[in-house]
Amino acid sequence: MTTRAPAGGGPTLDPSVIDHPGVLVVGAGATGLITALELHRRGVPSLVLERESACAMQSGQCHGWLHRGAVFPEAADSEVAELAAGADWWQEAAERRWLIEGEVLGTDPDGADRVTRLWTQLSVAHSVADLAEPPLNWSVRGGEPSVVPSEVLRAAATAAGVVVRAADVRELLPGPDRRYVGGVRVTAGPRALDVRAPVVVLAAGSGISRLVPSAAVLSERLSFMLVVRSEEAPARAFTVPEQQALGLMVVPRDRAGRRHLLVSNFVSYAATAEVRHARRAWLHGVGATVRELLPRVWTDPDALWGTYGAVKVERERQRQLGLGVPGAAVLDTPFKNVLAGVPGKLVLAPVLAAHISDRCVELLASGRGGEVPSSEWLDALLPQATWGPEAWQLTPLMSRGTVFSAGEAA
Amino acid sequence: MRVAVVGVLGHPESSRDPATVVAGLCARGHEARHLDVVPDLPLPTVRDPDGQPGANGPPDIVLALGAEAALASSVLARRSVSPLVLCLRPADLPPLVEHDATELVLRHLPITAVVVESARCRVLAATIGAEPSRTIVIAPGVLVARPDRGKASESPARPRVLADLSTTSPADEAVARGVLERIATEVGVDVHRVTEVGDPARKETWTLVVIPGAGSDPTLPLLRAMADGLPVLTSDTALSAEVLASMRHGLLAAAEDPDEWVEKVRYVVADPALQAHLGRGARAHVTANGDVERALDALDDCLGRVTGAWNGDPLSGSTPPADRAM
């Protein structure tokens, strides 16, 4: 026989069960945290459960670029509108503190027109200028900044009182009938316990398949990020979306007063690829691009370099566009009270989160009420989740020769 | 149930150790005893290391730890009409195994179920004859001791690197020693080498644990270092990647690139925050997924299901016993 903790928490007679009246959110990346924020906005309590550190996986591995269409000129108007909605959410949440101005650069004279066409339609403020930095000869500023996701979300979650606890969600609990789940079973250190709630949101990226194997097929791609520490690093973020540059994207980060760059491109590999071989091939390509477009960084004798790999998760049929609009981002699950989704792009996480939150409100409309577990009660069972750091902060930095040893451009 | 655990001692306080498995199964209510392998002719046999002449009644199930225990275990299982569960380690499987003995074992001995340590090992075992429906994944486990609170904030005045060569293959030793010499001279750290599993130096305070060599199985040294909350650097192999996630639980370096080893050591010893992050992540990961008690629970479950199936109990849904993967 089990007994529940008294309302408001306190010492329990049964430390193996937590009852929550709202939404369990599995995963404290951008999708999970923004979902919790959107639920908070709608007056719905939530409990976010995270196995690792908050914003440490995909959300801590990305460069935080807020796409509005500059690198997706083939996007449909509806998709661009979704991108704009997501970017607006991030910009508002960042409150300028964590916004990094971004530029789109190029060599093709017609390129600037393609980039600005959509921004003009959307009335996004921007300016075009000629550049005299061969081979780059034009620049468009103002449309697409970048953010530091973990900083933005940590501040927003803290301000809203979003509850994020450390726990490894192992399985879904059976519900009153086979169409519903009753919650999740978690382990927190050596302790196993059940967390029951009327609605569960799976925002755990590649971890979704482990919990709901029958969910729609997720596509995983292996990509890499180059990290450079150099006094020659520019302070601005920029992208060169042209094919010759392999879609180069550069974003600065500062740490302990030293400038770092995060450098990525559009080249990715099958998630099953041999990582070392894929990394070597990727470095060969990105090295040539960096040497051409960031020559002072490339030749800086004091620069230190490193790489890390990241597996990106998208819904399978998103691959054609590389976008994650909510209609495609929400995954089918066999349970009426389990919602799942992957946004595909960081900028679309708010759009997906809003969609999921609206569904949660519908599901809870006729649901049970109840007390939200107190902090003291949760403290006794689930430790507070930690935050970050971002992947680049953990990346060992070495000499250029060591990093590019097998693939260095001659 | 009565369980005969056949294997060679040598991996203390881990799920690969016969003594640990026996103690764990006894704690779970079974009668378990360890039997040594005796290389008799014409067939190897088993012997109670405590000197008792034979098994105290036939076992209900025979558990063989490692391919080297398979033949003797199968003889015992056959004589006692008991099911045989064979636990294979990565070193028993390609590409680390240098002979086809494991394949002969899998294809020709009456093995009821095979236990491997990862999904990748399951695939490898299938390529040499293990039947997939009878192959179960149970991640290995080590003893995760409570942290010594008194030492939590200690850090050596001069960085100290522990080089664990206990599993480094002879082919990798020369390269490993060269790398360690460069680390000591170029990074300016004290490097202490251990080659024995039970070396008391492991209990000292270290800044970083380095486990070189790509031609061997570093699983247990990795898990032990991670359980101690130490940052680790090891060779970038498929096997290492199963134990730790790079940059969350430790670091990987290309075995054939000494420069990378030297530079990564230099980077880690210069960053106490990174050391703390890696150490915390490593210990949390092993606590959640590599604890020996969790592995023994999974093994207990596996043995129960196999024994039940042997005695005619239907397996639920006719699916294999549940995997317990890291």
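Remember, it's a predicted structure, so these values are computed and weren't measured experimentally.

## Quick word on the interface of chain A and chain B
Residue-level contacts link 23 residues of chain A with 19 residues of chain B. Carbon and sulfur atoms supply 52% of the area that chain A and chain B bury against each other, a total of about 1800 Å² over both sides. Here chain A is connected to chain B by 3 salt bridges. A salt bridge links Glu-256 of chain B to Arg-280 of chain A, with the shortest nitrogen-to-oxygen separation between them at 4.0 Å. Where chain A meets chain B, there are 7 residue pairs in polar contact (both at pLDDT 80 or more). Elements that contribute at least two residues to the side of chain A that touches chain B include exactly strand E10 (168-174), helix H7 (275-293) and helix H12 (391-394) of chain A.

## Some details on the pairing of strand E5 (residues 84-87) of chain B
For a regular strand, side-chain orientation follows a simple rule: the groups alternate between the two sheet faces. All names here are of chain B. Burial along E5 is two-sided: the face carrying Leu-84 and Leu-86 and the face carrying Val-85 and Cys-87 are both buried. Bridge count between strand E4 (residues 61-65) and E5: 4 bridges; the pairing is parallel. Bridge pairing in E5 links Leu-63 to Val-85. In this view, the connection linking E4 to its parallel neighbour E5 by way of helix H2 (residues 70-80) has right-handed handedness. Where E5 and strand E6 (residues 113-116) come together, 3 bridges link them in parallel fashion. From the neighbouring strand, Val-85 faces E6, where its bridge partner is Ala-113.

## Some details on the sheet that holds E10 of chain A
Residues and elements named next belong to chain A. Pairing is mixed across the open sheet formed by 4 strands, whose spatial order is E1-E12-E11-E10. Of all the strands in the sheet, the pair left with one neighbour each is strand E1 (17-19) and E10. Each neighbouring strand pair of the sheet contributes to a mean axis angle of 25 degrees, computed without reference to strand direction. Bridge count between E10 and strand E11 (residues 181-188): 6 bridges; the pairing is antiparallel. Bridging across to E11, Glu-171 finds its partner in Arg-185.

## Overview of the environment of Pro-272 of chain B
Along the chain, the position of Pro-272 of chain B falls in helix H9 (residues 272-289). Judged by relative accessible area, which is 57%, Pro-272 of chain B ranks as exposed.

## Topic: unusual backbone geometry
Leaving glycine out, the prevailing phi sign among residues is negative, and the prevailing peptide bond configuration is trans. Cis geometry is found at the peptide bond from Pro-94 of chain B to Pro-95 of chain B, where omega equals 0 degrees. Mapped onto the fold, Pro-95 of chain B is located in the loop between E5 and helix H3 (101-108). With phi around 55 degrees, Ala-256 of chain A is a residue other than glycine that occupies positive phi space. Residue Ala-256 of chain A is classed as exposed on the basis of its relative accessible area, which comes to 78%. Of note, the phi angle at Val-81 of chain B is positive, near 50 degrees, even though the residue is not glycine.

What counts as what
Residues numbered from 1 in each chain as written. Chains lettered and ligands numbered in written order. Predicted model: local features only at pLDDT ≥ 70, side-chain atom pairs only at ≥ 80, totals over all residues. Heavy atoms only, no water. Contact = heavy atoms within 4.5 Å. Buried area = accessible area lost by both parts, 1.4 Å probe. Salt bridge = Lys/Arg side-chain N within 4 Å of Asp/Glu carboxyl O. Polar contact = N/O pair within 3.5 Å; in protein donor to acceptor, adjacent residues only side chain to side chain. Helix = DSSP H or I, 4+ residues; strand = E, 2+ residues; numbered from the N terminus. Buried < 20%, exposed > 50% of the residue type's maximum accessible area, 1.4 Å probe, protein only. Pairing = 2+ DSSP bridges. Right-handed = clockwise from strand over helix to strand, strands pointing away. Axes fitted to C-alpha atoms, helices over the stretch in contact; angles between N-to-C directions.

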